[in-house]
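Structural overview for review
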Amino acid sequence: MCGIIGIVSTAPVADRLLEGLRRMEYRGYDSAGVCTLHDGALVRRRAEGKLANLAAELARNPAPGTVGIAHTRWATHGAPTTSNAHPHATGEVALVHNGIIENYKPLREELLAEGRTLESETDSEVVAHLVSREVEDGASPEAAVAAVLPRLRGAFALAIAFRAHPGLLIGARLGSPLVVGYADGEMFLGSDALALAGLTQRIAYLEEGDWVVVTREGAEIRDAEGAAVERPVTTSGASAAAVEKGNYRHYMQKEIFEQPTVVAQTLSSYLRPAEGRVALPQFDFDLSAIRRVTIVACGTSFYAGMVAKYWFEQFARVPVDLDVASEFRYREPVLEEGGLALFISQSGETADTLAALRHCKAAGQTIAVVVNVPTSSMAREADLLLPTHAGPEIGVASTKAFTCQLAVLAALAAHLAVAKGRLSREEEAEIVRHLLEAPAALNAALDHDEDIEAMAPLVAGARDVLYLGRGADYPLALEGALKLKEISYIHAEGYASGEMKHGPIALIDEHVPVIVLAPSGPLFEKTVSNMEEVRARGGRVVLISDEDGLAEAGAGCLATIAMPRVHPLIAPLVYAVPVQLLAYHVACVKGTDVDQPRNLAKSVTVE
Ligand code: F6R
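The rules behind each value
Numbering of residues begins from 1 in every chain and follows the order in which that chain's sequence is written. Side-chain atom pairs in this predicted model are given and counted only at pLDDT of 80 or more, local residue features only at pLDDT of at least 70, and totals for whole chains, interfaces and linings cover all residues. The side-chain values count all of the structure's non-hydrogen atoms but skip hydrogen atoms and water molecules. Strand pairing requires that DSSP identify at least two bridges connecting the strands. Secondary structure counts use DSSP, requiring at least four H or I residues in a row for a helix and at least two E residues in a row for a strand, with both numbered from the N terminus. Helix axes are fitted only over the stretch in contact, all axes being lines through C-alpha atoms; the angle between N-to-C directions runs from 0 to 180 degrees. Only protein chains enter the area calculation, which uses a 1.4 Å probe; residues under 20% of their type maximum are buried, those over 50% are exposed, and those in between are partly exposed. Arc definition: it is the arc formed by the directions from the helix axis to the C-beta atoms. Any two residues whose heavy atoms approach within 4.5 Å are treated as being in contact. The source of the domain bounds is an automatic or database domain assignment. A 1.4 Å probe defines the accessible area here, and the buried area is the portion of it lost by two parts on being joined, summed over both. By definition, a salt bridge exists where a carboxyl oxygen of Asp or Glu is found within 4 Å of a side-chain nitrogen of Lys or Arg. Polar contacts here mean pairs of N or O atoms no more than 3.5 Å apart (in protein, one a potential hydrogen donor and the other a potential acceptor; neighbouring residues in sequence count only if both atoms are side-chain atoms). Just so you know the grouping, Ala, Val, Leu, Ile, Met, Phe, Trp, Tyr, Cys and Pro go in nonpolar, Asp, Glu, Lys and Arg go in charged, and all remaining residues, Gly too, go in polar. Here the nonpolar core consists of buried residues drawn from Ala, Val, Leu, Ile, Met, Phe, Trp, Tyr and Cys, with membership extended through side-chain atoms lying within 4.5 Å. Any residue with a non-hydrogen atom lying within 4 Å of a molecule or strand is treated as near it. Surface accessibility follows the Shrake-Rupley procedure with a 1.4 Å probe radius. Residue values consider only the protein chains on display as shielding.

**A closer look at the sheet that holds strand β11 (residues 202-205)**
If you walk across this open sheet you meet the 8 strands as β3-β2-β4-β1-β10-β9-β11-β15, and the pairing is antiparallel. Among the strands making up the open sheet, the edge pair consists of β3 (41-48) and β15 (233-235). Pairs of neighbouring strands in the sheet enclose a mean axial angle of 20°, with direction left out of account. Both strand β2 (residues 31-38) and β3 contribute to a ladder of 8 bridges, which runs antiparallel.

**Topic: the environment of Glu 547**
Note that Glu 547 resides in helix α19 (residues 547-553). Note on Glu 547: relative accessible area 65%, which makes it exposed.

**Digging into helix α5 (residues 141-148)**
Of the positions making up α5, those classed as buried are Pro 141, Ala 144, Val 145 and Val 148. All buried residues of α5 lie within an arc of 95° about the axis, which places them on one face of the element. Looking at the buried positions of α5, the neighbouring elements they touch are α4 (125-136), β7 (154-162), β8 (168-174) and β12 (211-215).

**Section: the domain arrangement of the protein**
Each assigned domain of the protein is listed here: domain 1 (3-242), domain 2 (245-436) and domain 3 (448-594). Taking only C-alpha atoms into account, the centre of domain 2 sits 25 Å from that of domain 3. Contact residues are listed per partner, giving 27 residues for domain 2 and 24 residues for domain 3. Both sides of the domain 2 and domain 3 interface together cover about 2300 Å² of buried area, and 75% of this is carbon and sulfur. Sorting the residues of domain 2 by area buried against domain 3 places Met 252, Tyr 303 and His 434 first, and these three jointly supply 23% of that buried surface. Across the domain 2-domain 3 interface, the total number found is 0 salt bridges. Connecting domain 2 to domain 3 are 8 residue pairs in polar contact (both at pLDDT 80 or more). Of all the secondary structure elements, the ones that give two or more residues to the side of domain 2 that touches domain 3 are α7 (251-257), α8 (259-268), α9 (299-316), α13 (400-419) and α14 (425-436). For the side of domain 2 that touches domain 3, the element with the most residues is α9, which contributes 8 residues. When its residues are assigned to classes, the side of domain 2 that touches domain 3 shows 17 nonpolar, 9 polar and 1 charged.

**Things to note about unusual backbone geometry**
Cis peptide bonds are those with omega within 30 degrees of zero, and the linkage from His 86 to Pro 87 qualifies with 0°. Within the secondary structure, Pro 87 is located in the loop between β4 (67-73) and β5 (88-89). A positive phi is found at Asp 39, a non-glycine position, where the angle reads about 55°. As for its position among the elements, Asp 39 is in the loop between β2 and β3. Exposure remark for Asp 39: the relative accessible area of 74% places this residue in the exposed category. Of note in this structure, Glu 332 is not a glycine but carries a positive phi near 50°. On the secondary structure map, Glu 332 appears in the loop between α10 (325-328) and β20 (340-345).

**A short note on the nonpolar core**
Among the nonpolar cores identified, the biggest contains 102 residues, and Val 293, Trp 311, Leu 342 and Tyr 467 are the most heavily contacted of them. Here this core spans two domains, and each of domain 2 (245-436) and domain 3 (448-594) adds at least three residues to it. With residues up to four places along the chain from it excluded, the contact list for Trp 311 reads Ala 316, Leu 406, Leu 409, Ala 410, Ala 413, Leu 569, Pro 572 and Leu 573. Core analysis: the second largest hydrophobic core is formed by 27 residues, Leu 118, Val 126, Val 135 and Phe 156 among them.

**Focus on the site of the ligand**
The immediate surroundings of the ligand are formed by 14 residues, with Ser 301, Ser 345, Gln 346, Ser 347 and Thr 350 found nearest. Between the ligand and Thr 300, the relevant distance is 3.1 Å, taken from an oxygen atom to a main-chain nitrogen or oxygen of the residue. When the free accessible area of the ligand is taken as 400 Å², the share hidden by the protein chains comes to 91%. Looking at the shell around the ligand, the elements that each hand over two or more residues are α9 and α17 (474-488). When the residues that make up the shell around the ligand are grouped by side-chain class, the tally is 4 nonpolar, 8 polar and 2 charged.

Rendered as structure tokens:
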């Protein structure tokens, strides 16, 4: 998703703006630009494609100046061309924007009717012109912004520079995050604390509707009504080191290998091993009164929710409705009184999930949020905040956030089951014991990295791939297919093993590898039967199972991937590793851009 950075300083800013854009590359983008203030003029440099193109443009045509704004753009309105790249500028004003201005069409028509020339196809450019028009009519920057913000519908984070006022920037947020960074003698604006890592760790998070005037001396924040407000300045844990790859080739690879540590970190705040108990953070409602759970999320987080549905129903015997957020919002869901609405998100900013959360809140549901960014919008709007402690996830394809979500969801399911009187103390202690086994089991799964790397070429040549799984491993089949699609651009589908013969089996031939996730256990025999149906039709199977499973059904497979033998509760966490590694190594064989796959953004803050 688009990234914003702004600096008001006494030292040149272009290099640091570019560095800030590099830290935000992980969000996904397809063009970039910088605008500085120098000698009474706006100096703008833009380029389509990767940041290297912008760096080359800046090398040819430097952008001097001690105040400036910069942007990475993930195209929504208009192709990723240089003329659509931000900053957008008039003679007086330059502006960068993250989000979507939903009413840009009438605003654009209004501007065109006045004879103004707009040079891009974007929704954002209209905002630059609206602010500019006020300034040209004699308004101060503050008055101009105050006049324009109420006219905008949709979602935005903005950073605006003014040619005639070289000592300030104005930022504003509604629906898209924006932070203010504080340092001695210089100040910053950024999409998130990570954007400013390396510049400052003193961060204030703007609230919905806030806007801010930033000068070298400090920041004056106003709320949507224009009243001066204070927002606490906190010390951000985001460090430049957190966004380094270390000895790994890709962020995704680093994050896959971090999983034993971050899952242990996450579990440590939900489990009390000595007592064999699950503990949740403080909350202020009666969990035992929950009669129904509605889980809403997108993408990989949705698949974590799918696994959780199995657990909530199995342990707590509470019915669960599950939806992808983009569908939930518009299907007029029936929300019973006394329901718990549970939202799962790495970023905490995904626009559809956030809108679904607000819908549920307005409908009187209790809001629980499993989220990796504790300062995110979702975190701040939760009645029950359940943080994952995965640390910053930079690779666009989600990996460690997923396994940490599963860890939290398993703890929540157990806690809910205890609260509902469905789980005895002994059973709770048993669950705690199995969850505590997860970090070591994840390590054991990672030990098979080289085997998976060695068999990746068998999959890399395929045009289509099928993933099969049963029970709580079915969502893992979906997740495996999503990972492969995302980073290796191979068409892949995940199916419930038993569903195979109801259609997809027609696809089977020797060119379509079928990846079967089948830990030994109660459902193993059934999955193996489905696997035999594939093999009987000439299909080639990659079986991912444990020693017992491979001994029973591994013969005659195209390849096998050995996993440690684990309790079914933690199998979804452990089997996430081989599907992540397989997608990763296949992408490496194909030479795709693993950390920034084409067309994808890390956090989808538009509908
Ligand atoms: C897949 C992936 C996406 C995200 C989805 C939700 O690898 O990363 O499918 O899971 O965009 O994002 P969050 O969890 O931030 O709400």
